[in-house]
Amino acid sequence: AVRPANLYGPHAPLYATGYGIINQFVGQALRDESLSVFEPSDTREFLYISDMVSALLHIGQNEDAFGECYVLGTGRPLSMKRAAEMVVDIAGSGSI
C-alpha cells in the first residue's frame, strides 16, 4: 500500500477544489486573491508529483516491497500558513 502526502505539480487544476491545497493556493495567488487558510497552524507534508512517480517506480520494481506499506512524503511538515506564505512569495501576488 502506498499513501502519498499532499501532491502538487504541473497540469493540476488550479481553479477547482479537491486537487490539493497547494494547487488551490497557486490558483488563488495567480488570480491575486486572498488564499483560503482555514487552520493556519495545521501542518501537512507536500510532495511534488515527479517525486511520487519516482517512488512508485522504485517500489514497483522492488520485489521486497510487495505487501509493505509506504508513506510518501518529505518528513518535513509545513504549517498551512507557511505554505500559503511561500506560494504568495513565489507567485508575487495574492495575500493571506
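Computed from a prediction, not measured in an experiment: that's the story for all the values here.

**Structural notes on the overall build of the chain**
Counting its regular elements, the chain contains three helices and six strands. Along the chain, helices (α) and strands (β) appear in the sequence β-β-α-β-β-α-β-β-α when read from the amino end. Looking at the chain residue by residue over its 96 residues, the buried ones come to 26%. Residue pairs in contact within the chain that sit at least 24 positions apart in sequence constitute 68% of those at least 6 positions apart. Total accessible area computed for the chain in this model is approximately 6,400 Å², and 54% of it derives from carbon and sulfur atoms. Charge-centre separation for the chain: the mean point of 6 positive side chains lies 7 Å from the mean point of 11 negative side chains.

**Here's the deal with helix H3 (residues 80–91)**
The end-to-end C-alpha distance of H3, which contains 12 residues, comes to 16 Å, matching closely the 16 Å that a straight helix rising 1.5 Å per residue would cover. What H3 keeps buried is the set Met-80, Ala-83, Ala-84, Val-87 and Val-88. Looking down the long axis of H3, one finds its buried residues gathered within 135° of arc, a one-sided arrangement. Residues of H3 that are exposed and angled more than 90 degrees away from the buried face: Asp-89 and Ile-90. Next to the buried residues of H3 lie helix H1 (21–30), strand E3 (43–44), strand E4 (46–48) and strand E6 (78–79). Gly-92, located one to two residues past H3, shows a positive phi value of around 75°.

**A look at unusual backbone geometry**
Although it is not a glycine, His-11 sits at a positive phi angle of roughly 70°. Judged by its relative accessible area of 83%, His-11 is exposed. For Asp-32, which is not glycine, the phi dihedral falls at a positive 60°. Within the fold, Asp-32 resides in the loop between H1 and E3.

**Concerning the pattern of salt bridges**
Applying the stated criterion to the full structure yields four salt bridges. A salt bridge links Asp-42 to Arg-44, with the nearest nitrogen and oxygen atoms 3.9 Å apart. The exposure class of Asp-42 is partly exposed, given its relative accessible area of 28%. Among the residues examined, Arg-44 registers a relative accessible area of 35% and is labelled partly exposed. Here Lys-81 and Glu-85 are joined by a salt bridge, their closest N and O atoms 3.9 Å apart. Here Lys-81 and its partner Glu-85 are both found in helix H3, four residues apart, which amounts to about one turn of the helix. Under the relative-accessibility criterion, Lys-81 is labelled partly exposed at 41%. A residue is classified by how much of its surface remains accessible, and Glu-85, at 26% relative accessible area, is partly exposed. Connected via shared salt-bridge partners are Lys-81, Arg-82 and Glu-85.

What counts, and at which threshold
Residues numbered from 1 in each chain as written. Predicted model: local features only at pLDDT ≥ 70, side-chain atom pairs only at ≥ 80, totals over all residues. Heavy atoms only, no water. Helix = DSSP H or I, 4+ residues; strand = E, 2+ residues; numbered from the N terminus. Buried < 20%, exposed > 50% of the residue type's maximum accessible area, 1.4 Å probe, protein only. Contact = heavy atoms within 4.5 Å. Areas by Shrake-Rupley, 256 points an atom, 1.4 Å probe, with all protein chains shown as cover. Lys, Arg positive; Asp, Glu negative; His and termini not counted. Charge placed at Lys NZ, Arg CZ, Asp CG, Glu CD. Expected span 1.5 Å × (residues − 1). Arc of directions from axis to C-beta. Salt bridge = Lys/Arg side-chain N within 4 Å of Asp/Glu carboxyl O.

Keep in mind these values describe shape, not function.
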